[in-house]
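One-letter residues, chain by chain:
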Amino acid sequence: MPFIRISIAGSSPSSDQAIELQQQTTQLMANILGKRPEVTVVSVESNAANSWSVGGESLADSQTLVQMEAFITAGTNTEQQKSDFISAAYQMLCEILKAAMSPLYVMIIEVDAVNWGYDGKTQALRKQLS
């Protein structure tokens, strides 16, 4: 049950880019981390350039800065899988957005199974019921 937030500051992605980010991120989650696509949620969010800074300097309107946060259940993936995902996600973001600048952060945030869930059930409860 991953939830992925892709935050983009500066130039906003086109509708086609947003769809491509959602589809390819879902594929990466399935192919690399073994997550079920039917419960993978991807949010693509745009932010004004002046709401982010690098080194204390605000972005110019022509710059694009990206951050991806992927929330997954703790202990469900190996270090190698997570490393492979971060590398593949970085490549995907660069290819789709074409103008992303450094630093481009990709984060995997592991949440204990008792601390999150969907449709009214925690991940821990889902595991017990299966």
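Here the structure is shown first, and the text comes after it.
Report on the accompanying structure. Residue positions are given per chain, counting from 1 as you read along its sequence in written order. A pLDDT threshold of at least 70 governs which residues receive local features in this predicted model, and a stricter bar of 80 or more applies before side-chain atom pairs are shown or counted, although totals over entire chains, interfaces and linings include all residues. Side-chain descriptors were evaluated using all non-hydrogen atoms of the structure, hydrogens and water having been removed beforehand.

1. Focus: the pattern of salt bridges
Piece 1. We define a salt bridge as a side-chain nitrogen of Lys or Arg found within 4 Å of a carboxyl oxygen belonging to Asp or Glu. Scanning the model with the defined rule gives 4 salt bridges in all.
Piece 2. Among the salt bridges present, the one from Glu-45 reaches Arg-5, with a minimum N-O distance of 3.5 Å. Of this pair, Glu-45 sits in strand β2 (residues 41-47) while Arg-5 is found in strand β1 (residues 3-10), placing the two residues 40 residues apart along the sequence.
Piece 3. Three exposure classes are used, based on accessible area relative to the maximum for each residue type with a 1.4 Å probe and protein chains only: buried under 20%, partly exposed in between, and exposed over 50%. Overall, Arg-5 belongs to the partly exposed group, its relative accessible area being 26%.
Piece 4. Here Glu-69 and Arg-5 are joined by a salt bridge, their closest N and O atoms 2.5 Å apart. Of this pair, Glu-69 sits in strand β5 (residues 64-73) while Arg-5 sits in strand β1; the two residues are 64 residues apart in sequence, bridging distant segments of the chain.
Piece 5. Residue Glu-69 is classed as buried on the basis of its relative accessible area of 13%.
Piece 6. Via salt bridges that share partners, Arg-5, Glu-45 and Glu-69 belong to a single interconnected network. Under the scheme used here, helices are H or I runs from DSSP no shorter than 4 residues and strands are E runs no shorter than 2 residues, and both carry numbers assigned from the N terminus.

2. A closer look at the side chain of Thr-26
Piece 1. Inspection of the secondary structure assignment puts Thr-26 in helix α1 (residues 15-33).
Piece 2. The buried category is assigned to Thr-26, whose relative accessible area is 18%.
Piece 3. Two N or O atoms count as a polar contact when they lie within 3.5 Å, although within protein this holds only if one can serve as hydrogen donor and the other as acceptor, and sequence-adjacent residues are included solely when both atoms are side-chain atoms. At 2.8 Å, the side chain of Thr-26 and the backbone oxygen of Gln-22 are in polar contact.
Piece 4. The criterion used for residue contact is that any of the two residues' heavy atoms lie within 4.5 Å. If we ignore the near neighbours within four places in the chain, the residues touching Thr-26 are Pro-37, Thr-40 and Val-42.

3. Looking at the nonpolar core
Piece 1. Counting residues in each nonpolar core, the largest one holds 21 residues, and the members touching the most others are Ile-6, Leu-21, Met-68, Phe-85 and Leu-93.
Piece 2. Broken down by secondary-structure element, the contributors of at least two residues to this core are β1, α1, β5, α2 (79-97) and β6 (105-111).
Piece 3. The element that contributes the greatest number of residues to this core is α2, accounting for 6 residues.
Piece 4. Sequence-distant contacts of Leu-93, defined by excluding residues within four places in its chain, comprise Ile-6, Leu-21, Val-66, Met-68, Lys-98, Leu-104 and Val-106.
Piece 5. Here, nonpolar core refers to any group of buried Ala, Val, Leu, Ile, Met, Phe, Trp, Tyr and Cys residues whose side-chain atoms link them within 4.5 Å. Core analysis: the second largest hydrophobic core is formed by 6 residues, Val-39, Phe-71, Val-111 and Trp-116 among them.

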